[in-house]
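What the coordinates show
In case you want the letters, here they are:
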Amino acid sequence: MSDSELSTDGDLEIAVPSDPLAGHPATAYFWGHVAGSGRVVRSEARTTDSERQRREHLEVVTTDEHAAQVLAAIAGGDIDHETSSREYAHDTSITRTEDEYTLSIGTDEDSEELLGRTTALSLPVDGRGNYRFGAFSSHDRELLRGLLEGCGTICFKSSSSTVGISFVHDDRALLEATQELLADCPIDTLVGELSETSSGGYWFGVDDDAVPEFGTWLYEGCEATGLFAPSRRRKLERSIEQADGYGE
């Protein structure tokens, strides 16, 4: 990446820093997505009869086409689109079918670096596997937005006329780091305890009473930067409006 503005669609331009781990709204949003729904895929390719070269590439999955295009504008790579069916995280007896966009970002042909970094630094973790989001502390809104869109769920609860937001992931440490980010954000956002899901992962929810203010803050001003998934914002806004009008 270089210090430039990259066009995704129409007149939308996204400023991108030269260092992919530098503190910046675009990198904060990107690494939120990577932490929430990304993985490093390792493979080997034969170069000669006796040698094999190990390759690594980063895959980031999103259900929103615009978000996939934005992530590609930030970090490059290729987007693959397919329709997939998966079990609902809280209830494996329920499946849902949705569009899925996978962004694949590979290493340079003549380098073992990913996103301008050695593979050990290609994900925002330290040598002990702890998530290091400190560089993005001034861009917590974009980081949390990326995390929500990467591993969060939004639902309207008709039984209580409220909106639910929860974060679901196989990595307990990531969810603990997300809880800390929520505790430090400028909106008073209470969260529940971490629990196990029926699929073997972990989840926690944001307090229902905090969701309207938190959700409004999370997507405030996002159109100016383009760093958001329109489908997720629409779902959140519609759910909040539904909850507001449910008792009228």
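Residues numbered from 1 in each chain as written. Predicted model: local features only at pLDDT ≥ 70, side-chain atom pairs only at ≥ 80, totals over all residues. Heavy atoms only, no water.

Details of the packing of helix H3 (residues 140-151) against helix H4 (residues 172-184)
- Across the interface, H3 lies against H4 with an axial gap of 11 Å and an inter-helix angle of 140°. By the angle class used here, H3 and H4 are oblique. Relative to H4, H3 is oriented so that their crossing is left-handed. Contacts between H3 and H4 involve Leu 143, Leu 144 and Leu 147 on the former and, on the latter, Leu 174, Thr 178, Leu 181 and Leu 182. (Axes fitted to C-alpha atoms, helices over the stretch in contact; angles between N-to-C directions. Helix = DSSP H or I, 4+ residues; strand = E, 2+ residues; numbered from the N terminus. Parallel < 35°, antiparallel > 145°, perpendicular 65-115°, else oblique. Left-handed = near helix turned anticlockwise from the far one by under 90°. Contact = heavy atoms within 4.5 Å.)

Some points on the confidence of the model for the chain
- Mean pLDDT over the chain: 83, with 77% of residues reaching 70 or higher.
- Segment residues 1-11: pLDDT under 50, and 31 contacts once partners within four positions in sequence are set aside and those in other chains are kept. (pLDDT = per-residue confidence, 0-100.)

Quick notes on H3
- If you check H3, its first and last C-alpha atoms are 16 Å apart, about what 12 residues at 1.5 Å a residue would give, namely 16 Å.
- Within H3, burial applies to Asp 140, Glu 142, Leu 143, Leu 144, Arg 145, Gly 146, Leu 147, Leu 148, Glu 149, Gly 150 and Cys 151. (Expected span 1.5 Å × (residues − 1). Buried < 20%, exposed > 50% of the residue type's maximum accessible area, 1.4 Å probe, protein only.)

Thoughts on the environment of Thr 102
- By the secondary structure assignment, Thr 102 is in strand S6 (residues 91-106).
- Classification of Thr 102 as buried rests on a relative accessible area of 12%.
- A sequence separation of 25 residues divides Thr 102 from Gly 77, and the C-alpha atoms of the two residues are 9.9 Å apart.
- For Thr 102, the contacting residues outside a window of four places in its chain are Glu 59, Val 60, Val 61, Asp 78, Ile 79 and Asp 80.

Examining the packing of aromatic side chains
- One pass over the structure, following the stated rule, counts 3 aromatic pairs.
- Aromatic side chains Phe 167 and Phe 204 sit 5.3 Å apart centroid to centroid with 20° between the ring planes, which places their arrangement in the stacked category. Of this pair, Phe 167 sits in strand S10 (residues 162-169) while Phe 204 sits in strand S12 (residues 202-206); the two residues are 37 residues apart in sequence, bridging distant segments of the chain.
- We classify Phe 167 as buried; its relative accessible area is 0%. (Phe/Tyr/Trp six-rings, centres within 6.5 Å; stacked < 30°, edge-to-face > 60°.)

Some remarks on unusual backbone geometry
- Residue Ser 161 is not a glycine yet carries a positive backbone phi of 55°.
- Structurally, Ser 161 is set in the loop between strand S9 (152-157) and S10.

Some details on the packing of helix H1 (residues 25-37) against helix H2 (residues 65-75)
- Direction vectors running N to C along H1 and H2 enclose 120°, while the axes themselves pass 10 Å from each other. Here H2 runs oblique to H1, going by the angle between their axes. In this structure, H1 crosses over H2, and the sense of that crossing is left-handed. Contacts from Ala 26, Tyr 29, Phe 30 and His 33 in H1 reach Ala 67, Val 70, Leu 71, Ile 74 and Ala 75 in H2.

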